[in-house]
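Structural overview
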Amino acid sequence: MYRIGIDLGGTNIKAGIVDEKNNIVIEESVPTLVERGANLVIKDMAELVLNIIEKTGIDRSEIQGVGIGSPGTVDAMHGVVLYSNNFNWENIALVDSMKAYLNMPIFISNDANCAALGEVKAGAAKECKNAILLTLGTGVGGGIVIDGKIFEGGNPGGAELGHTLLMKNGEPCSCGRKGCLEAYASATALIRDTKRAALSNKESLLYLNFKEDLESINGKTAFDMAEMGDITAKEVVNNYIEYLGDGIVNMVNIFRPEKVLLSGGVCNQGKKLTDPINVYIRKYCFAGEKAFIPKVSAATLGNSAGIIGAAALLL
């Protein structure tokens, strides 16, 4: 039997057929063009599914159904995207709308949840039943898998790990509060802090290398300059690792997962990021090494995680 996973993104809609071993048999994508409105986006999603089925020649009877990973706050039980800021969607009955085109079971969850489930089924946590994934991008998303299933919370809007409080009255967050983990551990926050550090120390390599174009500073700049020995950049990196480490310690103390995974562009730093974070959480998790301390590592599936995880909603 096969399952279909859809990763609904701001730029592209990606869909793939996944086999029983969680291998993607075929994957294709089309532009999302979200400004057209939900109805046309949903129509394109359905047509993409029909297209990949036709291309493989797989009989419909061999397909269990479709899983969808969508950005935003999702009511998985009723198949509704309650709110997606980036899409400007509210109360979109995504599952029912898809069923107008596809006569098969359809399930939905948040995209970060699906990425976490994908890593548990086929990626860096495939030996685990309990894991947490943090996505470090423009914001901080998160997914929690408990006993091999996505933990949605008791009601829609739960498991928003990026919007747990890290610092009272701290940096403004996109959600309207101040001091959320997202405001300190996202790539956006890292870039902000790198720019600030450059401007505050005009003798640093950070400033001297980027003074003509501060906007070219990105999520790897501080790490690169730190490797070159710049003290200011090292301070930025150390602060970032502590912010992220504190957020992970909070999650470990609540859930004690078998593994914590990180994804997103910042994770391209590899062990330069994960090694010091592992040291940090061993030091600060409750009970220290007297209790279980999960390993923090980078996710491995990349862009495939969303498709594999969405397809796993059928399991």
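Bear in mind that the values here come from a model prediction, so they are computed numbers and not experimental data. (Residues numbered from 1 in each chain as written. Predicted model: local features only at pLDDT ≥ 70, side-chain atom pairs only at ≥ 80, totals over all residues. Heavy atoms only, no water.)

1. Some words on unusual backbone geometry
We note that L33 has phi near 50°; this positive angle belongs to a residue other than glycine. Along the chain, L33 turns up in the loop between β3 (24–31) and α1 (38–56). (Helix = DSSP H or I, 4+ residues; strand = E, 2+ residues; numbered from the N terminus.)

2. Topic: the nonpolar core
In terms of nonpolar packing, the biggest core is built from 43 residues, with L134, L136, L244, I248, L262, L273 and I277 touching the most fellow members. For this core, the elements supplying multiple residues, two or more each, are β9 (131–136), β10 (140–146), α5 (187–200), α6 (205–210), α7 (221–227), α8 (231–255), β12 (259–263) and α9 (271–284). For this core, the element with the most residues is α8, which contributes 10 residues. Core analysis: the next-biggest nonpolar cluster, separate from the first, contains 33 residues, I53, I63, M98 and I106 among them. (Core = buried A, V, L, I, M, F, W, Y, C linked by side-chain atoms within 4.5 Å. Buried < 20%, exposed > 50% of the residue type's maximum accessible area, 1.4 Å probe, protein only.)

3. A word on the pairing of β9
For a regular strand, side chains alternate in direction, first toward one face of the sheet and then toward the other. Counted residue by residue, β9 has 5 buried out of 6 residues, so it is predominantly covered. Pairing of β9 with β10, which is carried by 6 bridges, proceeds in the antiparallel orientation. Bridge pairing in β10 places A131 opposite V145. Between the end of β9 and the start of β10, which pair antiparallel, lie 3 residues. The pairing of β9 with β12 spans 5 bridges and is parallel. Counterpart to L133 in the pairing with β12 is L261. (Pairing = 2+ DSSP bridges.)

4. Re α8
Look at α8: 36 Å from first C-alpha to last across 25 residues, which is about the 36 Å you get at 1.5 Å a residue. Once α8 ends, the next one or two residues include R256, with phi positive near 45°. (Expected span 1.5 Å × (residues − 1).)

5. A look at helix α10 (residues 304–311)
Counting buried positions over the 8 residues of α10 gives 7, a clear majority of the element. On the buried face of α10, the contacting elements are β1 (2–8), β2 (12–18), β3, β4 (63–70) and α3 (111–122). (Contact = heavy atoms within 4.5 Å.)

6. Describing the sheet that holds β9
The strand order across the open sheet built from 5 strands is β11-β10-β9-β12-β13, with neighbouring strands paired in mixed fashion. Either end of the sheet is taken by a strand with one partner, and the two such strands are β11 (149–150) and β13 (295–298). Strand contacts of α8: β9, β10, β12 and β13, with the helix running at about 155° to β9, the strand carrying the most contacts. Strands β12 and β13 of the sheet are contacted by α9, whose axis makes an angle of about 165° with β13. (Axes fitted to C-alpha atoms, helices over the stretch in contact; angles between N-to-C directions.)

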